[in-house]
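# Structure assessment
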Amino acid sequence: MTTEPNAITYKFYINGEWRESKSGQTIEIQSPYLRNSVGKIQAITHDEVDEAIHSAHLSQKKWAYSSLQERATYLYKWADNLVEKQDEIAKIIMQEVGKGYQDAKKEVVRTADFIRYTVEEALHMHGESMMGDSFPGGSKSKLAIVSRVPLGVILAISPFNYPINLAASKVAPALMAGNAVIFKPATNGAISGTKMIEALDQAGLPKGLISLVTGRGSVIGDYLVEHKGINMISFTGGTKTGMNLAQKAAKIPLVLELGGKDPAIVREDADLLEAAKHIISGAFSYSGQRCTAIKRVLVHESVADTLVSLLKAEVEKLSVGSPEKDSVIVPLIDDVSADYVQGLVNDAVEKGATVIVGNKREHNLIYPTLIDHVTREMTVAWEEPFGPILPIIRVSSDQEAIDIANESEFGLQASVFTSDINKALTIANLIDTGTIQINSRTERGPDHFPFIGVKGSGMGVQGIHKSLESMTREKVTVLNIKD
Ligand code: NAP
């Protein structure tokens, strides 16, 4: 691997200080498309993790008593700083995870909006009070005040694909709710995460409330997750990593957002041109490296040929190349991911699927690939590729589409395309998924909507209000009034 002439060695952030790790070890971050090093991050030690968690607890005690207005001041400033630095941060996101520059800028601005909305939501959340006399034998002399209190120290672990947005969507509600945060970014994404924390540091957040702990998940992940000082974990990443984590993190609240295999169900009465446009943008944006990408099409056989030719025409319009040119199809995060995606295509072809377009590769750049006549025997029918390939499964009825949709280990989102709203709602009711989109691509957001993965796609709910709730608990104070 070559190193960019100006590649920087970034520090980690602990107790209000930027430091080099005592391990003396760093990790090179390789750009997926430049194919050279864009910088180094610190590989921190277990002792440094302990210190981060210890200082988090110390500062959280005071923070829990700070007013919401005080917390809001820091978070608003953080949002402003991110907007100010949007060009610089977008360039890092682009280089580090290979996301198109304009999309990277949108991610930064969306994150600032997310932070501001989180502040507003927290400012407007209320507790409740209850009188004792509504229960048999109770009396008006008892008054319960139900308030929400922070959990303590939250471990936030984020994936590579939205290195700012999916990190801030944990950090902002955690801080606003009165917690301290230990933030572990994905290794590819850690430089973007560092820039995000710089913006928070520059907002003047009191020391200790946020720590940036960098290092490979395989090295420090288990130590963090099993650490007795962690009171709640908010994780976004792959299903395998999340499931392992869930087994290790006994007895603390967990919110998991994991992988998906979102189906687009296309009925015979759908507007096929419109459906094709949504499916292509859903499946191929950022080379399909989105949790909510459309990852399979279940189309009624009577309209399958027409849909396939429309999809083909749309795929042929997709730009392929560099994120610097805002190409839709960009190199995947690394060669291992590209090998995996290629393996899925090869398996399908060997088992009799038809490649309509694509199946071409240069290193980790996989050209957009449409695979028709995919059957249940093919691995691509079930596995999440996280790449620009789209399997098409032909079905003979709504029921068959519903069965195949539900047979998946995942349940993040699904789309149904139809001109019959009654059919749409019937199918929506029968699909076992967190969210179902009617006549649109699967996607996260707007960010205040609840965001849910069921089955292998997650546990618990995100979305601004829900995240604030999941990072707090209820506390009841009972006032016993003397007559
Ligand atoms: P990943 O490989 O599972 O990594 C996710 C995070 O977990 C990274 O920070 C990683 O650190 C860390 N990690 C690895 N091993 C760990 C361990 N033993 N303990 C604790 N943390 C550990 O996922 P990814 O490749 O970054 O992201 C792609 C996946 O995320 C896809 O499956 C996608 O569907 C899913 N995703 C889901 C959502 C959603 O909202 N449902 C959103 C986005 C992405 P390192 O990078 O250092 O290994």
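## Comments concerning the pattern of salt bridges
According to the stated counting rule, one finds 27 salt bridges in the structure shown. Where Glu88 meets Lys195, a salt bridge forms, and the shortest distance between an N and an O atom there is 2.9 Å. In this pair, Glu88 is assigned in helix α3 (residues 86-97) and Lys195 in helix α6 (residues 190-201), connecting sequence segments 107 residues apart. Each of the salt bridges in this network shares a partner with another, and the network as a whole consists of Glu17, Arg19 and Glu51.

## Regarding helix α13 (residues 421-430)
Of all the residues in α13, the buried ones are Ala424, Ile427 and Ala428. With its buried residues spanning 105° around the axis, α13 presents them on a single face. More than 90 degrees from the buried face of α13, the exposed residues found are Asn422 and Asn429. Where the residues of α13 are buried, they touch β13 (262-266), α12 (398-407), β21 (413-417) and β22 (435-438). Two or three places before Asn422, at the opening of α13, Asp420 has a side-chain oxygen 2.9 Å from that residue's backbone nitrogen.

## Quick notes on the nonpolar core
Core analysis: the largest hydrophobic core is formed by 76 residues, its most contacted members being Leu75, Trp78, Leu175, Ile182, Met196, Ile210 and Ile233. Here this core spans two domains, since at least three of its residues come from each of domain 1 (2-258 + 459-475) and domain 2 (262-451).

## What to know about the packing of aromatic side chains
Inspection of every chain in the model, using the stated rule, returns three aromatic pairs. For the ring pair Trp63 and Tyr74, a centre distance of 5.9 Å and an interplane angle of 45° mean the geometry is tilted. Of this pair, Trp63 sits in helix α1 (residues 46-63) while Tyr74 sits in helix α2 (residues 68-84), placing them eleven residues apart in sequence. A relative accessible area of 17% places Tyr74 in the buried class.

## Observations regarding the packing of α1 against helix α7 (residues 217-225)
Between α1 and α7, whose axes approach to 10 Å, the crossing angle comes to 40°. When the axes of α1 and α7 are compared, the pair comes out oblique. The hand of the α1/α7 crossing is right-handed. In contact with His46, Val49 and Asp50 of α1, α7 contributes Val219, Ile220, Tyr223 and Leu224. Taken together, the residues of the contact of α1 with α7 break down into five nonpolar, one polar and one charged.

Definitions and cut-offs
- Residues numbered from 1 in each chain as written.
- Predicted model: local features only at pLDDT ≥ 70, side-chain atom pairs only at ≥ 80, totals over all residues.
- Heavy atoms only, no water.
- Salt bridge = Lys/Arg side-chain N within 4 Å of Asp/Glu carboxyl O.
- Helix = DSSP H or I, 4+ residues; strand = E, 2+ residues; numbered from the N terminus.
- Buried < 20%, exposed > 50% of the residue type's maximum accessible area, 1.4 Å probe, protein only.
- Arc of directions from axis to C-beta.
- Contact = heavy atoms within 4.5 Å.
- Polar contact = N/O pair within 3.5 Å; in protein donor to acceptor, adjacent residues only side chain to side chain.
- Core = buried A, V, L, I, M, F, W, Y, C linked by side-chain atoms within 4.5 Å.
- Domains from an automatic or database assignment.
- Phe/Tyr/Trp six-rings, centres within 6.5 Å; stacked < 30°, edge-to-face > 60°.
- Axes fitted to C-alpha atoms, helices over the stretch in contact; angles between N-to-C directions.
- Parallel < 35°, antiparallel > 145°, perpendicular 65-115°, else oblique.
- Left-handed = near helix turned anticlockwise from the far one by under 90°.
- Nonpolar A, V, L, I, M, F, W, Y, C, P; charged D, E, K, R; others polar.

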